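# Fold and contact review
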Amino acid sequence: MSEDRMPTIGIKRDWKGKGKAESSIDSMDDDEDSMPAPKKNLKWERHFYYHEEKDFMIADEEIEDCHWCQINAFPTAEPYPITITNFIDESTLPDDFRFIDKSVLHQKIDLAPEEFRSGCGCRNTGDCKYAGCNCLEDMDFDMEEALAMRQKVYSYHSQGEKAECLRGTKLHSRNPIYECHKGCECDTSCSNRVVERGRKIPLNIFKTENRGWGVRSSVKIRKGQFIDLYVGHIITSQEADRRRKKSEFAQRKDVYLFALDKFSDPESADPRLRRKPYEVDGEFMSGPTRFINHSCDPNLRIFARVGDHADKHIHDLAFFAIKDIAPMTELTFDYVDGESAPLLKDSKNDDKVKDMTKCLCGSRKCRGFLW
Ligand SMILES: C[S@@+](CC[C@H](N)C(=O)[O-])C[C@H]1O[C@@H](n2cnc3c(N)ncnc32)[C@H](O)[C@@H]1O
């Protein structure tokens, strides 16, 4: 079996140990009373044995409820599959979790009107690396000098092994990434559309020994390489607060809520950037990155990524590798992204420590607590 086609198990507990599919489906319908399992389980058992077969008729709602069907419907499932493995125990992913490959907008989210949308006019796609491409105009550089010197100012390496990887200056910054997009004149092969082209590595969601599910890849990942987006339900800050209150453990809910606040500014001319930022909730609907655990010595970081400048208030959250990563190494990021001072202060206060959650990242740089 190839490394990126690892066995996919543990998706639905109900499917385990039920014998052969052919005998179960027909005989169950014939003689239901003699069967010990409730009907829902029979449906799942049937689904489990046949969901890989393209021509087999499976009810839509079964596909809707099946994690395997959800990840296999992703457009990139063929070259870059997502697998789910559990060699630790019998548990499965939460039943109320659903895989999505694009964020879903809550009904109250405002999108930019058409007249505010814009893109670059670069006919020669190579031009999108240089100062002068409209998509790069908000980046931090001296425009006059960059134009005069025809400087490459875009975020990526152009050639060789590192092509499409973030450049060192970007990687060590917290600055946003500005990319070309579908509103631009350049085509989809433009070197400044790395995130837009999507994930290019297989991912494996696996059960860790002590931190629930985690994520790794069967292939080597280069420093600066794009991993995937954090997607989820994009909601208003009021809705996020409502969900925090409703959640049994507000801090736990916070782990899944990411504020889209990279461009928030009370002085901004754009009213959408003046108000409280939208948040992405990945708890119940998200992609594989929702299962990435924390480490105090992480190998990934999240960058804000903007396509159309009119969408800054709903910018992307893009995971990039900040180190070379060997195959099958767990992928991790710092949940507080270096903002550890309050945590370290609290960890010295006995009263606070009793309510804090221990970090089990196991790194030599471990701060001791998650929050
Ligand atoms: C965003 S989820 C990550 C996926 C999670 N492991 C799961 O099984 O769904 C965050 C949760 O994972 C666990 N976790 C992540 N990193 C951890 C760490 N370094 N130490 C202890 N628990 C961790 C905590 O329970 C945390 O609330």
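Since the structure is predicted, the reported quantities are computational estimates derived from the model, not experimental observations. (Residues numbered from 1 in each chain as written. Predicted model: local features only at pLDDT ≥ 70, side-chain atom pairs only at ≥ 80, totals over all residues. Heavy atoms only, no water.)

### Quick word on the pattern of salt bridges
On inspection of all chains with the given rule, the structure shows 28 salt bridges. For the salt bridge of D241 with K276, the shortest nitrogen-to-oxygen distance reads 4.0 Å. In this pair, D241 sits in helix α8 (residues 237–246) while K276 sits in the loop between α10 (271–274) and β10 (279–281), placing the two residues 35 residues apart along the sequence. Here K276 falls in the exposed class, since its relative accessible area comes to 55%. The salt bridge involving D270 is made with R272; its shortest N-O contact spans 2.8 Å. (Salt bridge = Lys/Arg side-chain N within 4 Å of Asp/Glu carboxyl O. Helix = DSSP H or I, 4+ residues; strand = E, 2+ residues; numbered from the N terminus. Buried < 20%, exposed > 50% of the residue type's maximum accessible area, 1.4 Å probe, protein only.)

### Digging into the state of the cysteines
The full count for this structure, using the stated rule, is 0 disulfides. C184 provides the cysteine sulfur closest to C135, a residue in no disulfide bond, and the two sulfurs are 3.4 Å apart. Its sulfur unpaired, C190 is 3.7 Å from the next cysteine sulfur, which belongs to C128. (Disulfide = S-S within 2.5 Å.)

### Observations concerning the pairing of strand β1 (residues 82–85)
Regular strands show a simple pattern: their side chains alternate between the two faces of the sheet. The alternating pattern of β1 places I82 and I84 and T83 and T85 on opposite faces, both of which are buried. Pairing of β1 with strand β5 (residues 203–207) involves 4 bridges; the strand directions are parallel. Counterpart to I84 in the pairing with β5 is I205. (Pairing = 2+ DSSP bridges.)

### Points about the pairing of strand β15 (residues 330–333)
What you see with β15 is no split at all: E330 and T332 on one side and L331 and F333 on the other are buried throughout. Across 2 bridges, strand β12 (residues 293–294) lies against β15 in parallel orientation. Paired with H294 across the two strands is F333, which belongs to β15.

### Description of the site of the ligand
Within the structure, the ligand sits among 17 residues, and R211, W213, N293, H294 and L360 are positioned closest to it. Contact between the ligand and L360: a nitrogen atom at 2.8 Å from a main-chain N or O atom of the residue. For the ligand, the protein covers 84% of the area, taking 560 Å² as the surface of the free molecule. A per-class count over the shell around the ligand returns 11 nonpolar, 3 polar and 3 charged. Lining the shell around the ligand are residues from two domains, each supplying at least three of them: domain 2 (109–338) and domain 3 (341–371). (Near = heavy atom within 4 Å. Polar contact = N/O pair within 3.5 Å; in protein donor to acceptor, adjacent residues only side chain to side chain. Areas by Shrake-Rupley, 256 points an atom, 1.4 Å probe, with all protein chains shown as cover. Nonpolar A, V, L, I, M, F, W, Y, C, P; charged D, E, K, R; others polar. Domains from an automatic or database assignment.)

### With respect to empty space enclosed by the protein
If you walk through the whole model with that rule in mind, you get 2 cavities of 30 Å³ or more. Along the walls of the second largest cavity sit R272, R275, K276, P277, Y278 and H313, which together make up its complete lining. Across the lining of the second largest cavity, the residue classes tally to 2 nonpolar, 1 polar and 3 charged. (1 Å grid on protein atoms, 1.4 Å probe; cavity = no way out; pocket = protein on both sides within 12 Å on 5 of 7 lines; lining within 4 Å. Points joined across faces, edges and corners; volume = space filled by probe spheres on them.)

### So, the UniProt feature "domain: Post-SET" (unreviewed entry) in the protein
According to UniProt, the feature "domain: Post-SET" (unreviewed entry) maps to residues 355–371 in the numbering used here. Taken end to end, residues 355–371 has its terminal C-alpha atoms 9 Å apart, with 0% of it in helix and 0% in strand. (UniProt positions renumbered as here; feature names shortened; annotations may be inferred.)

### Topic: the domain arrangement of the protein
Along its sequence, the protein is organised into domain 1 (21–92), domain 2 (109–338) and domain 3 (341–371). Computed from C-alpha coordinates alone, the two centres of domain 2 and domain 3 are separated by 28 Å. Taken residue by residue, the interface counts 11 residues in domain 2 and 9 residues in domain 3. The tally of links from domain 2 across to domain 3 stands at 2 salt bridges. We note a salt bridge from R367 to D334, for which the minimum N-O separation is 2.8 Å. The interface formed by domain 2 and domain 3 includes 1 residue pair in polar contact (both at pLDDT 80 or more). (Contact = heavy atoms within 4.5 Å.)

### Topic: the layout of surface pockets
Taken as a whole, the largest pocket encloses approximately 1200 Å³ of empty space. Contributing to the lining of the largest pocket are 39 residues, with K102, E196, L229, R305 and D316 lying nearest its centre. Within the residue set of the lining of the largest pocket, elements represented by two or more residues are α7 (194–197), β7 (226–229), β13 (300–306) and β14 (316–321). Residue classes in the lining of the largest pocket are distributed as 18 nonpolar, 9 polar and 12 charged.

### Considerations on the packing of aromatic side chains
To describe a pair of aromatic rings, you give the distance between the ring centres and the angle between the ring planes. This structure, assessed with the given rule, holds 12 aromatic pairs. Centre to centre, the rings of F99 and F291 are 6.2 Å apart; their planes meet at 45 degrees, and the pair counts as tilted. You can see F99 sitting in strand β2 (residues 98–99) and its partner F291 sitting in the loop between β11 (285–286) and β12, a full 192 residues away along the chain. On the basis of an interplanar angle of 55 degrees and a centroid distance of 5.4 Å, the ring pair of F226 and F320 is categorised as tilted. Taken as a pair, F226 in strand β7 and F320 in strand β14 lie far apart in primary sequence, 94 residues in all. Pair check on accessibility: F226 and F320 agree, each one buried. (Phe/Tyr/Trp six-rings, centres within 6.5 Å; stacked < 30°, edge-to-face > 60°.)

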